[in-house]
Structures are given as structure tokens and as C-alpha cells.
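A structural walkthrough
Letter by letter, the chains look like this.
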Amino acid sequence: MPRKRVAFVDTARGFGILAIILSHVISGHPVANWLFTFHVPLFFFLSGFVFRAEKPFGEFLKGKCRTLLMPYGTLALPMILSEGYLTTARGQSIWPRVWELTGQVLLQRRMWTLWFLACLFLLEIGCYFLVRRFQKPQALALIGAILGILGVFYVGRGLPALPWNLDLCFPALPFFLGGYLLRGQGETLARAAKSRRGVLLFLGLGAVNLAAGAPGILGKVPVLDLFGGQFGIAPLSYLAAFAGIGAVLIASCWICWKPITYIGQNSLIYFAWHQNPIMTAISVWFPRLGIPVSDFSSSAAMWAEKGLEVAVILLILSACNWILTRPGLRWLLGKKETIRDEGKRSP
């Protein structure tokens, strides 16, 4: 019997997607730096929150191949072709570049937004054995902290990136296990968020996030960026991340806006394609349409253009998602056909 979806998890994913898209659209702005303090850690946390390891390993692995590897291939193909097409604008042949990119995608060392799916695949396989071997929460928390520290040291020192971003699994592990250790506490969290102390808790977590993340937000140290191997002042960065995650979860219990939840339920396409090919295309076509993408005359003009950019990204990706979630195509994103879908396809 399939598990019931936790509503605030989908909403939190939706907020996370909006945070990631906006942070890339306004890259370098203090608001983008603030969003970096928690947005990618939030996705690792939520993945841990819904993670289960009860099935036999063969069945577990088959499921992860369907839900992570199948979408990886589906999402990679348009990214490879769009990047290859750009080479034709420089007078180069498309196919050598396509084959080169294909090899890079198969090896996967910090390759586009797809890095997250590859890292999560290995992380969930590793955590399958970890949580079955160590069932006490204290042991898991200690192991997660130790491996996380080792990961921060390895990645932060700029040591060689490992295939399929195996090295990033370690600094991401504390967030994943943090979510896993809170599994089954969804109703408790929702009640706490909606109680009188929920607002105080939200404000407190928000204050901790801003205070601990201030060095990165203000540009004094690098912001937390797993992809870029940047951790700023690592203890403060992790504190800011967990506080930000908590604040987002509380807000997600308050706000249940269907468009946000929809984005969260279909986060794969929004996460993977918002930069390449969509932002890449916008950087080419907006100037051709007379819409500036840099050197703005005022702050208001900058926010107006960036708001338009975010809206265009969401509209295009919503259309792409609508197509790929039609009956008969859902498997491309690792989704199972529903009974209703099967009925639509029946003669």
C-alpha cells in the first residue's frame, strides 16, 4: 500500500524550488546569499524525512533506479542537446560536443543541476545500510556528524570530485539523517506550528538563520554551496541551514497554496531544467526582445526583470511538466501510472 503524501512536505519542496530558482536568477545579491543558507540542505532534509529502508535491498534498489536514475536520463537528454546546440552558434559541429557532454553526464562530477540526483542516489543507498545497521537515533546522529565533518574537510579543501558526486554525500549526510530522525513526526510538527508557540518558534528559527548565516549573506565569507564546495564558517553555516529548514517547515504548515504544493509535487523538472536550458535560453532571447538582463537603471527595474524571468521559467517548466505527466509518459520521470491513468488509456 503506498504511503500517504505529507502535505507540508510538498509545500516545503515548492518553497525550496522557488528559493533555488530565485537565488540563481539574482545570483550574487544578498537575498540570493540568504536563500543559499538553506535551500539545497532543505531538499536533502526532506529526502531523509520520507526515506524508508524496510524493503529488501533488491526491491529498494529497483525503486531508486526507477525514481532517480530514470528521471536522470530523461532530464539529461534535453540539457545535452541544448548545450550542444550552442556550439553551432560558434561555428562548431554539434555532435562531438554532444558525445563529450554525454560522457560527462555518465561520469557525473558536478554536472549541471543533475548533480543532486546522482548524489541523492548514492546517499540513499548508503543510508539504507546505515540505518539498518545503526537503529539508535544517538548513534545515527553521531555517525552523521562525524562523516559530515570529514566530508566538509574533503570537499572544502578542493580535493578531487568523485564520480557521481560521492564526496558530496558526506557533507549532505547530516541534513539527510536530520530529516530521517524526524520521520513520523509530521503530525506533531504540524500541531506545534499551528499552536500559539508556532509563531515564536518561526521567528526564533528565522533569527538564528539570519544571525548564523550573516557572514555569508553579507559576502564576508563564501555562502553555503555544496555544489561549489563552499561552506563558509562551517559550524555557523550548518546551524543557519538547520534553522532555515525549520522555519520553512513551519511556514509550510501554515501556507497550503495549491500552486506551491503543485511545484513541490513535481519538483524534478523545476529543479533540473530551470538553469539549463531555460535560463540559458532567456539570456539569449530576452536581449533580442529588448529586455535587459543586466546593467539595470534602478533597483526597481532589476527586480521587475528578475520577477519576469522567474515567472517565465515557472510557466515554461509547468508546461513541460504537464506534458511529461500525461498518461503513458509518467514513467519517464519515474512516476507510476495511476489507476485513473490506466482508465484513460483503455479503449
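Residues numbered from 1 in each chain as written. Predicted model: local features only at pLDDT ≥ 70, side-chain atom pairs only at ≥ 80, totals over all residues. Heavy atoms only, no water.

So, the packing of aromatic side chains
Working definition: an aromatic ring pair is given by the centre-to-centre distance plus the angle between the planes. Heads up, the condition is: Two aromatic rings from Phe, Tyr or Trp, using only the six-membered ring of Trp, form a pair when their centres are within 6.5 Å; if the ring planes differ by under 30 degrees the pair is stacked, by over 60 it is edge-to-face, and anything between is tilted. Exposure classes here rest on a 1.4 Å probe applied to the protein chains alone. A residue is buried below 20% of its type maximum, exposed above 50%, and partly exposed in between. Only runs of H or I of at least four residues qualify as helices and only runs of E of at least two qualify as strands under DSSP, and these elements are numbered from the N terminus.
For the structure on display, the rule yields 22 aromatic pairs. Taking the centre distance of 5.3 Å and the plane angle of 85° together, the rings of Tyr128 and Phe129 count as edge-to-face. Here Tyr128 falls in the buried class, since its relative accessible area comes to 2%. Aromatic side chains Phe202 and Trp254 sit 5.1 Å apart centroid to centroid with 55° between the ring planes, which places their arrangement in the tilted category. Here Phe202, found in helix 10 (residues 197–217), pairs with Trp254, found in helix 11 (residues 234–254); they are 52 residues apart in sequence, far enough to count as distant. On the basis of relative accessibility, which here comes to 27%, the residue Phe202 falls in the partly exposed class. Among the residues examined, Trp254 registers a relative accessible area of 36% and is labelled partly exposed. Following the ring pairs from residue to residue traces out a cluster consisting of Phe51, Phe57, Phe60, Tyr128, Phe129, Phe176 and Tyr180.

So, the packing of helix 8 (residues 166–181) against helix 11
Keep this limit in mind: For helices, the axis comes from a line fit to the C-alpha atoms of the stretch in contact; other axes are also lines fit to C-alpha atoms, and the angle between any two N-to-C directions lies between 0 and 180 degrees. In this scheme, a crossing is called left-handed if the near helix is turned counterclockwise away from the far one by less than a right angle; it is called right-handed if the turn is clockwise. Residue contacts follow a heavy-atom distance rule, with two residues in contact if any of their heavy atoms lie within 4.5 Å. Ten residue types, Ala, Val, Leu, Ile, Met, Phe, Trp, Tyr, Cys and Pro, are classed as nonpolar, four, Asp, Glu, Lys and Arg, as charged, and the remainder, Gly among them, as polar.
Between helix 8 and helix 11, whose axes approach to 11 Å, the crossing angle comes to 35°. Two packed elements cross with a definite hand, and for helix 8 against helix 11 that hand is right-handed. Between helix 8, through Pro171, Pro174 and Phe175, and helix 11, the contact on the second element is made entirely by Tyr238, Ala241, Phe242 and Ile245. In terms of residue class, the contact of helix 8 with helix 11 is made up of seven nonpolar, no polar and no charged.

With respect to a positive patch on the surface
Put simply, the test is: The patches described consist of residues with a relative accessible area above 30% and no salt bridge, like charges being joined within 9 Å and nonpolar side chains (Val, Leu, Ile, Met, Phe, Trp, Tyr) within 5 Å. Residue exposure ignores everything except the shown protein chains as possible cover, and the areas themselves are Shrake-Rupley values with a 1.4 Å probe. Counted as salt bridges are all cases of a side-chain nitrogen of Lys or Arg within 4 Å of a carboxyl oxygen of Asp or Glu. All tallies of charge rest on Lys and Arg as positive and Asp and Glu as negative; His and the ends of each chain are not included. Throughout, a charge is located at the NZ atom of Lys, the CZ atom of Arg, the CG atom of Asp or the CD atom of Glu.
A contiguous patch of positive charge, built from Lys55, Lys62, Arg66 and Lys336, is present on the exposed surface. Residue placement: Lys336 occurs in the loop between helix 14 (299–324) and helix 15 (339–345). On the basis of relative accessible area, Lys336 is assigned to the exposed category, the value being 58%.

Some details on empty space enclosed by the protein
Using the following cut-off: Put plainly, a pocket is an open set of points on a 1 Å grid over the protein atoms alone with protein on both sides within 12 Å along at least five of seven lines, a cavity is a set where a 1.4 Å probe fits but cannot get out, and a lining residue has an atom within 4 Å of a point. Grid points are joined across faces, edges and corners, and a volume is the space filled by probe spheres set on the points.
Tallying each qualifying case throughout the model produces one cavity of 30 Å³ or more. Within this model, the largest cavity holds a volume of roughly 100 Å³. Lining of the largest cavity is provided by 14 residues; of these, Ala212, Gly213, Gly216, Pro222 and Ser237 occupy positions nearest its centre. For the lining of the largest cavity, the elements supplying multiple residues, two or more each, are helix 10 and helix 11. Each residue belonging to the lining of the largest cavity can be placed in one class, and the counts come to 10 nonpolar, four polar and no charged.

Re a nonpolar patch on the surface
On the surface, a nonpolar cluster with roughly 630 Å² of combined accessible area is contributed by Val199, Leu200, Leu203, Trp254, Ile255 and Trp257. When residues in the nonpolar patch are grouped by element, the largest group, three residues, is from helix 10. Within the secondary structure, Trp257 is located in the loop between helix 11 and helix 12 (258–265). Classification of Trp257 as exposed rests on a relative accessible area of 54%.

Looking at the environment of Cys169
Mapped onto the fold, Cys169 is located in helix 8. Considered as a pair, Cys169 and Leu333 are 164 residues apart in the sequence and their alpha carbons are 23 Å apart. If sequence neighbours within four positions are ignored, Cys169 has contacts with Cys119, Leu122 and Leu123.

A short note on the nonpolar core
Where we set the bar: The criterion is simple. A nonpolar core is a set of buried Ala, Val, Leu, Ile, Met, Phe, Trp, Tyr and Cys residues joined through side-chain atoms within 4.5 Å.
Residues Phe44, Phe51 and Leu114 are the most contacted members of the largest nonpolar core, which totals 89 residues. With 13 residues, helix 6 (residues 115–133) is the largest single contributor of residues to this core. Leave out the neighbours within four places in its chain, and Phe51 touches Phe60, Glu124, Cys127, Tyr128, Val131, Phe176, Tyr180 and Arg183.

Notes on the packing of helix 1 (residues 7–25) against helix 12
Put simply, the test is: Orientation categories follow fixed angle ranges, with anything under 35 degrees roughly parallel, anything over 145 roughly antiparallel, 65 to 115 roughly perpendicular, and all other angles oblique.
Where helix 1 contacts helix 12, the axes come no closer than 7 Å and their chain directions differ by 85°. For the element pair helix 1 / helix 12, the angle class is roughly perpendicular. Of the residues in helix 12, those touching helix 1 at Asp10, Thr11, Arg13, Gly14, Phe15, Ile17 and Leu18 are Ile260, Thr261, Ile263, Gly264 and Gln265. Split by residue class, the contact of helix 1 with helix 12 holds five nonpolar, five polar and two charged.

Notes on unusual backbone geometry
Pro277 follows Asn276 through a cis peptide bond whose omega is 20°. Counting through the fold element by element, Pro277 comes out in helix 13 (residues 267–288). The phi torsion at Gln108 lies on the positive side, around 50°, for a residue other than glycine. The topology assignment puts Gln108 in the loop between helix 5 (94–107) and helix 6. In this model, Asn165 sits at a positive phi of 55°, which is unusual for a non-glycine residue. The residue Asn165 is located in the loop between helix 7 (137–156) and helix 8 in this model. A relative accessible area of 0% means that Asn165 is categorised as buried.

Considering the side chain of Glu305
Here Glu305 shows up in helix 14. Those residues in contact with Glu305 that sit more than four places away from it in its chain are Phe286, Ile291, Pro292, Val293 and Phe296.

Remarks on the pattern of salt bridges
Counted according to the given criterion, the structure contains seven salt bridges. For Glu124, the salt bridge identified is with Lys64, shortest N-O distance 2.6 Å. With Glu124 in helix 6 and Lys64 in helix 4 (residues 57–89), this residue pair connects regions lying 60 residues apart in the sequence. Classification of Glu124 as buried rests on a relative accessible area of 5%. Looking at Lys64, the relative accessible area reads 19%, which means it is buried. With a shortest N-O distance of 3.8 Å, Glu309 and Lys306 are connected by a salt bridge. A residue pair is termed a helical-turn pair when its members lie 3 or 4 positions apart in one helix, as Glu309 and Lys306 do in helix 14 at three residues. What makes Glu309 buried here is its relative accessible area of 6%.

In short, shape yes, function no, at least from these values alone.
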